[in-house]
Amino acid sequence: MACPAAQETFGDFEEAVERDATKTAVFDGTVHPLTSYVISYVINYVKFLFDYQSTLRQLFQEFENGVESSSQLASVTMQIMQALQTHLDGKSKQYKDPALTHLFLMSNIHYMVRSVHRSEAKDLLGDDWVQRHRRIVQQHANQYK
């Protein structure tokens, strides 16, 4: 069974992202402070865990269903990234100008993709995740135009 404390840490972090009630608005459509914080946290945590692979295996080992530690970590990391993206979608609705909405989403998702692509998280989330989110960035860029 996976370490309850590790699962709780990831769960708490995901919930914190989902409930973020900061009123910090980014008026020019640039990267939101929450994005840079979450991405830094996720990237650093994944890097730390990759440095301690044997510990990672013990923390996330699931004897009942044979799920590997890396797929467990990938799953919770994707959940955190999805929570961030959902939160950013909500923040983007604060803009009255549709162009700024798309600029904001393009900037923030591009930041996520670039950060993941340059880190160990790329191996964890996979090329499909990177490519799918690059397409989302391109869609927002086209809408912005």
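Residues numbered from 1 in each chain as written. Predicted model: local features only at pLDDT ≥ 70, side-chain atom pairs only at ≥ 80, totals over all residues. Heavy atoms only, no water.

The chain carries the name Exocyst subunit Exo70 family protein in an unreviewed UniProt entry, which gives Trema orientale as its organism. Quoted straight from UniProt, the Function (unreviewed entry) entry for the chain says "Component of the exocyst complex." The record in UniProt for the chain states the following under Sequence similarities (unreviewed entry): "Belongs to the EXO70 family." (UniProt positions renumbered as here; feature names shortened; annotations may be inferred.)

Enquirer: I'd like a description of the overall build of the chain, backed by residues and values.
Expert: A tally of helices and strands in the chain yields six helices and zero strands. Counted over contacts in the chain with a minimum sequence separation of 6, partners at least 24 positions apart contribute 75%. If you sum the accessible surface of the chain, you get close to 8300 Å²; carbon and sulfur atoms cover 52% of it. (Helix = DSSP H or I, 4+ residues; strand = E, 2+ residues; numbered from the N terminus. Contact = heavy atoms within 4.5 Å. Areas by Shrake-Rupley, 256 points an atom, 1.4 Å probe, with all protein chains shown as cover.)

Enquirer: Lay out helix α6 (residues 121-144) in plain terms, naming residues and giving numbers.
Expert: For α6, which comprises 24 residues, the first-to-last C-alpha distance of 28 Å sits more than 12% below the rise-based estimate of 34 Å (1.5 Å per residue). Maximal helix bending in α6 amounts to about 70 degrees, located at D127. Listed as buried for α6 are A121, L124, L125, G126, W129, V130, H133, I136, V137, H140 and A141. (Expected span 1.5 Å × (residues − 1). Bend = angle between axes of the 7 residues up to and from the residue. Buried < 20%, exposed > 50% of the residue type's maximum accessible area, 1.4 Å probe, protein only.)

Enquirer: Any details on the environment of S115? Residues and values, ideally.
Expert: Looking at where S115 falls in the secondary structure, it is placed in helix α5 (residues 98-117). On a C-alpha basis, the gap between S115 and S36 in space is 9.3 Å, while along the polypeptide they are 79 residues apart. Not counting residues within four places of it along the chain, the set of residues in contact with S115 comprises I39 and I43. A distance of 2.8 Å separates a polar atom in the side chain of S115 from the backbone oxygen of Y111. (Polar contact = N/O pair within 3.5 Å; in protein donor to acceptor, adjacent residues only side chain to side chain.)

Enquirer: Can you lay out the pattern of salt bridges for me, pointing to particular residues and giving the numbers?
Expert: For the structure on display, the rule yields one salt bridge. Residue K122 pairs with D127 through a salt bridge whose shortest N-O separation is 3.4 Å. What makes D127 partly exposed here is its relative accessible area of 49%. (Salt bridge = Lys/Arg side-chain N within 4 Å of Asp/Glu carboxyl O.)

Enquirer: Let's hear about the environment of Q138: which residues, and what values?
Expert: Its location among the elements puts Q138 in helix α6. Taking the C-alpha atoms as reference points, Q138 and H110, separated by 28 residues in sequence, lie 9.1 Å from one another.

Enquirer: Describe the nonpolar core, and please don't skip the residues or the numbers.
Expert: Core analysis: the biggest nonpolar cluster contains 32 residues, and I39, M81, L84, M112, V116 and W129 have the highest contact counts within it. Looking at this core, the elements with two or more residues in it are α2 (33-51), α4 (69-92), α5 and α6. Counting residues per element, this core draws most heavily on α5, which supplies nine residues. (Core = buried A, V, L, I, M, F, W, Y, C linked by side-chain atoms within 4.5 Å.)

Enquirer: Run through α5, naming residues and quoting values.
Expert: With 20 residues, α5 should cover 28 Å at 1.5 Å per step; its first-to-last C-alpha distance of 28 Å lies within 8% of that length. With 14 of 20 residues buried, α5 lies mostly within the body of the structure. One side-chain oxygen of the residue at the start of α5 lies 2.9 Å from the amide nitrogen of A99, identifying that residue as D97.

Enquirer: Account for the side chain of H133, with residues named and values stated.
Expert: Looking at the secondary structure, you find H133 in helix α6. Ignoring any residue separated from it by four or fewer positions in sequence, one finds H133 in contact with Q85, I109 and V113.

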